[in-house]
Number of protein chains: 2
Amino acid sequence: MQPARRLYRRESEETRRSALIAATQDLVAEGGPEAATVRAIAERAGVTPGLIRHYFQSKDELSRAAYRALMDGMTAKGADAIEAVGAKPEERLAAFIAASLRPPVLDAGAVVLWAGYMHKVRSDPDLMAVHEASYLAYRDTLQKLIETLPRTLLPGQTRAEAIACNALIDGLWVEGSLLPATFAPGEVITIGLASVGAILGVDLLAHTAMLPEFGKTLP
Amino acid sequence: MQPARRLYRRESEETRRSALIAATQDLVAEGGPEAATVRAIAERAGVTPGLIRHYFQSKDELSRAAYRALMDGMTAKGADAIEAVGAKPEERLAAFIAASLRPPVLDAGAVVLWAGYMHKVRSDPDLMAVHEASYLAYRDTLQKLIETLPRTLLPGQTRAEAIACNALIDGLWVEGSLLPATFAPGEVITIGLASVGAILGVDLLAHTAMLPEFGKTLP
DNA sequence: GCGACGATTATACGAGCGTGTAACAGATCG
DNA sequence: CGATCTGTTACACGCTCGTATAATCGTCGC
């Protein structure tokens, strides 16, 4: 008697691709890049290893897709946050910062995933382009938000400020994600808003009523 | 005729261990963790693969030693910088920050190495201890330097400030290392000093005469 | 319903991995 | 100068990796 062949359902290309990408991201986030083998990815996605090569030319292409999806997802969260609030410059900047410092962006898995791909980003021109696009888009959004603040500006000032604020947010993102137990709820956001405010000379903590971390604690 | 057996010299344990550790760090920095195979490490260190197991119980132990050496080296650079300057609080803080934002601490290889080990740090209690010790030592040094500044303090203020400054320096370290072409020489240090100064309410850029990046440009 | 298409599985292959073990040879000491 | 010790090499083993290819069987148009 033959061993039973595995039963399966046909799924759309979209479904399979996103399932494989999600499985890859989960495995890298949990166990680092070396845990994301084709066999582990397939098992996590509920398929057999061969199917990966049916939807992706190689495992490397799946890896690239997973990184792309990570970066796209994170930048999308920032853009969403800006759209959800009013027109006041301080409010929009505060919402943008807060979105980067709360889940799902603030997440240990996301940081490990980001870190795990760092060397591939440096060696693969395709991934480098994805990275630069995300990075510059983020910094550009930040710089534009900074420029709308009601201040008197010196020439060339906002570039340095955007770099500094970007670095600060990145650093808090890493530390807040990796050592969440070290911080009180919302503390990372508070520190981020206070520090960015200090760098820019504006009081962002006075414009937090619309943030879920602050709005509900008012009497 | 037998193939010639490879010639070799006996070396001290110290020499061999550090050579293997350096080879591991170089390979991870260049090609990520998966490039640091026992065969590649041995070749880079000028020995044969078997010798690794003579000095380290396993490849994992060598990996841990390499990470430990990285973290020790970076924290040592910060301590050195403080000792090399005078007693003025602003000067000492500025020297500490600058040391973290110039080579050899500011280095793409160091960042890729640090990132490559991130998931192992999270899963290996031994490495986690190394990481926490380094991280807290750095933040503690920073906080003590902040507390010596001539300011009137609110209770609990310096903790948040140290977290923010630490995050800012970390973020600049990553970005300045990965995209060095994006910044003018010394620009990362200037931005770091200006931003930390803004967060703390002191002018650190007025105390940079003893830094190599600034001292020599004076008339 | 049934035939054809192709999404999916099954299986095999070569390469490279970390590791264990035995033989060799450079240094040291009497 | 020869015996001993051990740092070092050499080699083999089992495993897992990514990939290639052929067989299968769900699905959909007719």
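Up top is the structure these notes are about.
Quick caveat, the model's predicted, so the values are computed rather than measured. The residue count restarts for each chain, going from 1 along the sequence in the order it is written. As a convention, the first chain written is A and the first ligand written is 1, with the rest following in written order. Only residues with pLDDT of at least 70 get local features here, since the model is predicted, and only at 80 or more are side-chain atom pairs given and counted; chain-wide, interface and lining totals rely on the full set of residues. Calculation of side-chain values draws on the structure's entire complement of heavy atoms; hydrogens and water are dropped beforehand.

When at least one non-hydrogen atom of a residue lies within 4 Å of a molecule or strand, that residue is treated as near it. Of all residues adjacent to DNA strand D, which total 23 residues, the nearest are R10(A), K59(A), R10(B), R16(B) and Y55(B). In protein, a polar contact means a hydrogen-donor-capable atom and an acceptor-capable atom, both N or O and within 3.5 Å, with residues adjacent in sequence counting only if both atoms are side-chain atoms; elsewhere, any N or O pair within 3.5 Å suffices. Within the side chain of R10(B), an N or O atom sits 2.4 Å from a base oxygen of DNA strand D. Between DNA strand D and the protein, one listed contact pairs a phosphate oxygen with a side-chain N or O atom of H54(B) at 2.8 Å. Of all elements in the fold, only α2 (38–45) of chain A together with α3 (50–55) of chain B reach the threshold of two or more residues within the surface near DNA strand D. In this count, Pro and Cys sit with the nonpolar residues alongside Ala, Val, Leu, Ile, Met, Phe, Trp and Tyr, while Asp, Glu, Lys and Arg are called charged and the others, Gly among them, polar. When grouped by side-chain class, the residues that make up the surface near DNA strand D number 7 nonpolar, 5 polar and 11 charged. In this description a helix means any DSSP run of H or I spanning at least four residues, a strand means any run of E spanning at least two, and both kinds are numbered starting from the N terminus.

Moving on to the packing of aromatic side chains. Within 6.5 Å between ring centres, the rings of Phe, Tyr and Trp (the latter by its six-membered ring) count as paired, and their orientation is classed by plane angle as stacked under 30 degrees, edge-to-face over 60, tilted in between. Scanning all chains against the criterion turns up 6 aromatic pairs over all chains. Throughout this description, the term charge over a ring refers to an Arg CZ or Lys NZ atom that lies within 6 Å of the ring centre and within 35 degrees of the ring normal. Directly above the aromatic system of F56(A) lies the positively charged group of R17(A), at a separation of 4.5 Å from the ring centroid.

This part covers the pattern of salt bridges. Residues and elements named next belong to chain A. Put simply, a salt bridge is a Lys or Arg side-chain nitrogen that is within 4 Å of an Asp or Glu carboxyl oxygen. Following the criterion strictly, the structure yields 22 salt bridges over all chains and no others. A salt bridge links D124 to R64, with the nearest nitrogen and oxygen atoms 2.9 Å apart. Within this pair, whereas D124 is found in the loop between α7 (118–123) and α8 (125–147), its partner R64 is found in helix α4 (residues 59–83), the two being separated by 60 residues in sequence. Looking at D124, the relative accessible area reads 15%, which means it is buried. The buried label goes to any residue with under 20% of its type's maximum accessible area, the exposed label to any with over 50%, and the partly exposed label to all in between, with areas taken from a 1.4 Å probe on protein chains only.

With that out of the way, let us pick up the interface of chain B and chain A. Taken together, the contacts link 37 residues of chain B with 37 residues of chain A. Taken together, the connections running from chain B to chain A amount to 2 salt bridges. Of the charged contacts in the structure, one is a salt bridge between E187(B) and R159(A), with a shortest N-O distance of 2.8 Å. Joining chain B to chain A, the criterion identifies 10 residue pairs in polar contact (both at pLDDT 80 or more). Looking at the side of chain B that touches chain A, the elements with two or more residues in it are α6 (108–116), α7 (118–123), α8 (125–147), α9 (157–178) and α10 (187–200) of chain B. The element contributing the most residues to the side of chain B that touches chain A is α9(B), with 13 residues. Residue composition of the side of chain B that touches chain A, grouped by class: 21 nonpolar, 7 polar and 9 charged. The criterion used for residue contact is that any of the two residues' heavy atoms lie within 4.5 Å.

Time to look at the packing of helix α9 (residues 157–178) of chain A against α9(B). Packing of α9(A) against α9(B) leaves a shortest axis separation of 7 Å and a crossing angle of 105°. By the angle between their directions, the pair α9(A) and α9(B) is classed as roughly perpendicular. Along its contact with α9(A), which presents I163(A), A164(A), N166(A), A167(A), L168(A), D170(A), G171(A), L172(A) and E175(A), the element α9(B) presents I163(B), A164(B), N166(B), A167(B), L168(B), D170(B), G171(B), L172(B) and E175(B). Its residues placed into classes, the contact of α9(A) with α9(B) shows 10 nonpolar, 4 polar and 4 charged. A fitted line through C-alpha atoms represents every axis, and for helices the fit uses only the stretch in contact; the resulting angles, taken between N-to-C directions, go from 0 to 180 degrees. Any angle between 65 and 115 degrees counts as roughly perpendicular, while under 35 counts as roughly parallel, over 145 as roughly antiparallel, and the rest as oblique.

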